[in-house]
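Structural overview
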Amino acid sequence: MGPLIGWFGRGKRVSAGDSDLKENIPNHIAIIMDGNGRWATRRGLPRIAGHRAGMNKVREAIRACDELGVQYLTLYAFSTENWKRPQDEVDYLMRLPEEFFRTEINELLKRGVQVRFVGDVTQLPTYTRETVVNTQRLTEGNTGMVVTFALNYGGRAEVIHAIHHYADQVKAGLATWEDLSEENFGRLLSTFPVPDPDLVIRTSGERRLSNFLIWQSVYSELWFTEVLWPDFTRTTLHEAIRDYQRRKRRFGGLK
Ligand code: FPP
């Protein structure tokens, strides 16, 4: 007989063996999905085969987070530095959102998932930009889990953009430099109003943030695994969450 299924949180499923995953689930999980290229190379496949396998894991991660009651999931899909890759790989990565949302949109709507994008979408090819705009429009009324795709995203670029935005407000007499605070600066970031990530996961053994959510992750718990993104499973996610649950988060205080 398979594991017993119980219900909890926002009516989500969890198996009896995962009962410790009912409480203290991170509100926001952010993932640096790394290792697609190595996964493919180890199998004698072209790198793009790794990205394709990685795309399928995006579906699995969304399902697994939704079923655990995670409210926000942010996925690093393409960085401002990824344009340095060979053109055929960039082209392939730019085609993935179109394919992914064409096949996934019905399930996302059924789950009530709201899809957001952060990053400079103006630099994306027209077909990718259309997917971004259409997907946001189709899901904007949804009230379930918020899934953000960071596409042509860089944390430093985001901070610089927010500084320009604030300077424009000052110039227009709508704000003053004296009033600049962490709170009102945070409102100018592309991630607003999504709260800061509680847990940042990076796959493939690399242990750095690589320009991902640099402002937002100052008090995030970081979890690294040797698992390559195309090998990421629910079990890997559960392992990360269990580790998170053992952490003492003090945010600089004593408790
Ligand atoms: C890093 O692995 C991964 C990327 C640059 C792309 C991540 C994209 C996906 C997982 C698919 C996104 C799906 C949608 C729907 C947008 P790498 O290629 O740097 O791996 P390596 O370090 O082993 O070379």
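Reading guide: rules and limits
Residues numbered from 1 in each chain as written. Predicted model: local features only at pLDDT ≥ 70, side-chain atom pairs only at ≥ 80, totals over all residues. Heavy atoms only, no water. pLDDT = per-residue confidence, 0-100. Contact = heavy atoms within 4.5 Å. Near = heavy atom within 4 Å. Polar contact = N/O pair within 3.5 Å; in protein donor to acceptor, adjacent residues only side chain to side chain. Areas by Shrake-Rupley, 256 points an atom, 1.4 Å probe, with all protein chains shown as cover. Helix = DSSP H or I, 4+ residues; strand = E, 2+ residues; numbered from the N terminus. Nonpolar A, V, L, I, M, F, W, Y, C, P; charged D, E, K, R; others polar. Phe/Tyr/Trp six-rings, centres within 6.5 Å; stacked < 30°, edge-to-face > 60°. Buried < 20%, exposed > 50% of the residue type's maximum accessible area, 1.4 Å probe, protein only. Lys NZ or Arg CZ within 6 Å of the ring centre and 35° of its normal. Core = buried A, V, L, I, M, F, W, Y, C linked by side-chain atoms within 4.5 Å. Axes fitted to C-alpha atoms, helices over the stretch in contact; angles between N-to-C directions. Parallel < 35°, antiparallel > 145°, perpendicular 65-115°, else oblique. Left-handed = near helix turned anticlockwise from the far one by under 90°.

**Thoughts on the confidence of the model for the chain**
- On average, residues of the chain score 93 in pLDDT, and 93% of them are at 70 or above.
- Taken together, the stretch residues 1-11 has pLDDT below 50 and engages in 24 contacts with residues farther than four places along the chain or on a different chain.

**What to know about the site of the ligand**
- Taken together, 18 residues sit near the ligand, with Gly37, Arg38, Arg47, His51 and Arg85 positioned nearest.
- At 3.2 Å, a side-chain N or O of Asp34 approaches an oxygen atom of the ligand.
- One of the backbone nitrogen or oxygen atoms of Asn36 is found 3.2 Å away from an oxygen atom of the ligand.
- Surface burial for the ligand is 91%, taken as the share of its 630 Å² of free accessible area covered by protein chains.
- Those elements giving two or more residues to the shell around the ligand turn out to be helix 1 (36-42), helix 2 (47-68) and helix 3 (87-111).
- Tallying contributions element by element places helix 3 first for the shell around the ligand, with four residues.
- Looking at the shell around the ligand, its residues break down into eight nonpolar, six polar and four charged.

**Section: the packing of aromatic side chains**
- Within the structure shown, the criterion is met by 13 aromatic pairs.
- With centroids separated by 4.8 Å and ring planes inclined at 50 degrees, the aromatic side chains of Phe185 and Trp215 adopt a geometry described as tilted. Residue Phe185 is located in helix 6 (residues 182-186), and its partner Trp215 is located in the loop between strand 7 (199-202) and strand 8 (221-224); the two are separated by 30 residues in the primary sequence.
- With a relative accessible area of 7%, Phe185 lands in the buried category.
- Of the aromatic side chains, those joined through ring pairs into one cluster are Phe100, Phe101, Phe117 and Phe149.
- Directly above the ring of Tyr127 sits Arg95, whose terminal nitrogen or CZ lies 3.5 Å from the centroid.

**Considerations on the nonpolar core**
- Judged by nonpolar contacts, the single largest core of 42 residues is most densely connected at Ile29, Ile62, Leu73, Phe149, Ile201 and Leu237.
- Residue assignment for this core shows that the elements contributing at least two residues are strand 3 (28-32), helix 2, strand 4 (72-79), helix 3, strand 5 (114-118), strand 6 (146-153), strand 7 and helix 7 (234-246).
- With eight residues, helix 3 is the largest single contributor of residues to this core.
- If sequence neighbours within four positions are ignored, Ile201 has contacts with Ile29, Ala30, Ile31, Ile32, Trp223, Phe232, Leu237 and Ala240.

**Remarks on the side chain of Thr148**
- Take Thr148: it is sitting in strand 6.
- When neighbours within four sequence positions are excluded, Thr148 is seen to be in contact with Leu73, Thr74, Leu75, Arg116, Phe117, Val118 and Val194.

**What to know about the environment of Phe232**
- As for its placement among the helices and strands, Phe232 is situated in the loop between strand 8 and helix 7.
- Take Phe232: its relative accessible area is 3%, and that puts it in the buried class.
- Each residue touching Phe232, except ones within four places of it in the same chain, is listed here: Lys57, Glu60, Ile201, Thr203, Val227 and Leu237.

**Structural notes on the packing of helix 3 against helix 4 (residues 126-139)**
- Relative orientation of the contacting elements helix 3 and helix 4 amounts to 15 degrees, with a least axis distance of 8 Å. Regarding the angle of helix 3 to helix 4, the classification is roughly parallel. Handedness of the helix 3/helix 4 crossing: left-handed. Across the interface between the two elements, Met94, Arg95, Pro97, Glu98, Phe101, Ile105 and Leu109 of helix 3 pack against Tyr127, Thr128, Thr131, Thr135, Leu138 and Thr139 of helix 4.
- In the contact of helix 3 with helix 4, the residues fall into seven nonpolar, four polar and two charged.

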